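# Commentary on secondary and tertiary structure
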Amino acid sequence: MNARITLATAARILRQLRGDHRTVALMILVPVVLLGLLAWIYADLPGDVFNRIGPALLGVFPFVVMFIVTSIATLRERTSGTLERLLTTPLGKGDLMVGYALAFGSMAFLQAVVATGFAVWVCGLEIAGPLGLLVVVALFDALLGTALGLLASGFARTEFQAVQFMPAFVLPQFLLCGLLVPRELLPPALEAISDVLPLSYAVDAMKDVTVQTDPLSDVLPSLGVIALWIVLSLALGSLTLRRRTP
Amino acid sequence: MTNISPDNSIVVEHLRVVRGDREVLPDLSVTVPRGQVIGLLGPSGGGKSTLMRAVVGVQVIAGGTVSVLGEEAGSPALRQRVGYLTQAPSVYGDLTVRDNVRYFGRVIGVGGDAADRAIEAVALTDHAEALVENLSGGQWSRANLACTLVGDPEVLVLDEPTVGLDPVLRRDLWDLFRRLAGDGRTVLVSSHVMDEAVRCDRLLLLREGVILSDSTLPELLERTGTTDAEQAFLALIDEAAARDGGAAA
């Protein structure tokens, strides 16, 4: 790895994004619109449902969006030949992986700040803990999406396949993350699976920040599990980048 | 191992490459001297691209050795010294020419002035700020070439760099290749346009994974009793086909 190459790669990816105004607008606006819609749906109903699921969704959006964007972008690198060219240069696999994580991580940070601000100040989401911590959790979720997206792109040959990986990688985690049914009420086998999946910890961490005034001691272990998944996915993903191909 | 001398930049010995269930290169040995333009010619599907991929070290090989500048092909020490141009343009369509060349330059460790020189070398200075995806096919492939030239590599492996270009641009690029060789660079160029053979110092004719000829153009013409490269190659290919047919019968 080499800092110059990593930063040049991150800058190049951001430059590509900057030229694509529609993608940037979708990344920032779609979570805002969905959060607004959700708040509106539950506006006249009792039970304070938006306050219960709103924070969890703040964790899910960056994960899903970054997963899609990263898996498609890296698949393009593979199919356009730019990846093969880059791998004949001094660029290391880590430079590429971390370059993507930096570039999309900074987009995710922007997305998280806008979505959190909108949820709290426009939709009236009540957060007991520090708002900054909410953004940190969202950033971890985004990096998780980026890392899993990089991994998934290694198994896709076409963009059609890459798009299909989104429901395959994301929906099971979404169903088991405790948003629909609290995790402790799941059948034991499913609860065990949900204890392993990273999105469960993302949603747990978001909930902790929402209801506790000093959630750090509960949030840190969750962030640790997510970080472990990020490192594991990046390591596995780098195995799918081969300098020599048949 | 007498082949590995400072005068040789590429040494291939008993290279065997299998892709899928097809043996693309059964047993290929060739030596490429430093400071020359080497034309790699022959029918498509004959193994030209596979040999080039082996030289830059992106091809999984089943046997033999490929060394470049005294190092094993694809080794980290070579990644700054060998430039590779793929047949299909591999640049970012959603970036400008300048941003593409600068990025590949930064990866190799050269600055913006080197990028500007590479863009000038392929005559794209007027289009430097255009998005690559808005360029014509010929401009796109020249942008691709600029990204290979930017690091001023000692060995250039160029897979069909002149395909789809008009005669003026082709001549200019061949002048560029000759200048690079004059400066001591080794340029391995594949082509299926036989009239480009006259611009090469040495010609390799590859057919079905076998080198039919490795010589200069005058030597080749003398051996085949022909007057131009195209006739010479057709003569050699017919000769080889007759031999194959004879062996099969």
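### Things to note about the overall build of chain B
Along chain B, the regular secondary structure elements total 7 helices and 10 strands. Computed over its C-alpha atoms, the radius of gyration of chain B comes to 18 Å, within 12% of the 18 Å expected for a compact globule of 249 residues. Referenced to the eigenvectors of the C-alpha coordinate spread, the extents of chain B come out at roughly 60 × 35 × 35 Å. A buried classification covers 53% of the 249 residues belonging to chain B. Considering only intrachain contacts with a sequence separation of at least 6, the fraction spanning at least 24 residues in chain B is 66%. Side chains of chain B give 23 positive and 35 negative charges; the mean places of these two sets differ by 3 Å.

### Some remarks on empty space enclosed by the protein
Summed over the entire model, instances satisfying the criterion amount to 2 cavities of 30 Å³ or more. If you add up the space inside the largest cavity, you get close to 120 Å³. Along the walls of the largest cavity sit 14 residues, with Thr-89 of chain A together with Val-82, Gly-83, Tyr-84 and Ile-108 of chain B positioned nearest its centre. Taken together, the elements giving at least two residues each to the lining of the largest cavity come down to strand S6 (82-85), helix H2 (97-108) and helix H4 (137-149) of chain B. Per-element accounting of the lining of the largest cavity gives the leading share, 3 residues, to S6 of chain B. Taken together, the residues of the lining of the largest cavity sort by class into 6 nonpolar, 6 polar and 2 charged. Considered as a void within the structure, the second largest cavity measures approximately 30 Å³ in volume. Taken together, Ile-10, Val-12, Val-30, Val-32, Leu-51, Val-55, Leu-188 and Leu-204 of chain B form the lining of the second largest cavity.

### Overview of the packing of helix H9 (residues 198-211) of chain A against helix H10 (residues 216-239) of chain A
All names here are of chain A. The interhelical angle for the contact between H9 and H10, taken along N-to-C directions, is 155°, at an axis separation of 9 Å. For the element pair H9 / H10, the angle class is roughly antiparallel. As for the relative orientation of H9 and H10, their crossing is left-handed in sense. Facing Pro-198, Tyr-201, Ala-202, Asp-204, Ala-205, Asp-208 and Val-209 of H9, the residues of H10 in contact are Asp-218, Val-219, Ser-222, Val-225, Ile-226 and Trp-229. Grouping the amino acids of the contact of H9 with H10 by side-chain chemistry returns 9 nonpolar, 1 polar and 3 charged.

Criteria and cut-off values
Residues numbered from 1 in each chain as written. Chains lettered and ligands numbered in written order. Predicted model: local features only at pLDDT ≥ 70, side-chain atom pairs only at ≥ 80, totals over all residues. Heavy atoms only, no water. Helix = DSSP H or I, 4+ residues; strand = E, 2+ residues; numbered from the N terminus. Rg over C-alpha atoms; globule rule 2.2 N^0.38 Å. Buried < 20%, exposed > 50% of the residue type's maximum accessible area, 1.4 Å probe, protein only. Contact = heavy atoms within 4.5 Å. Lys, Arg positive; Asp, Glu negative; His and termini not counted. Charge placed at Lys NZ, Arg CZ, Asp CG, Glu CD. 1 Å grid on protein atoms, 1.4 Å probe; cavity = no way out; pocket = protein on both sides within 12 Å on 5 of 7 lines; lining within 4 Å. Points joined across faces, edges and corners; volume = space filled by probe spheres on them. Nonpolar A, V, L, I, M, F, W, Y, C, P; charged D, E, K, R; others polar. Axes fitted to C-alpha atoms, helices over the stretch in contact; angles between N-to-C directions. Parallel < 35°, antiparallel > 145°, perpendicular 65-115°, else oblique. Left-handed = near helix turned anticlockwise from the far one by under 90°.

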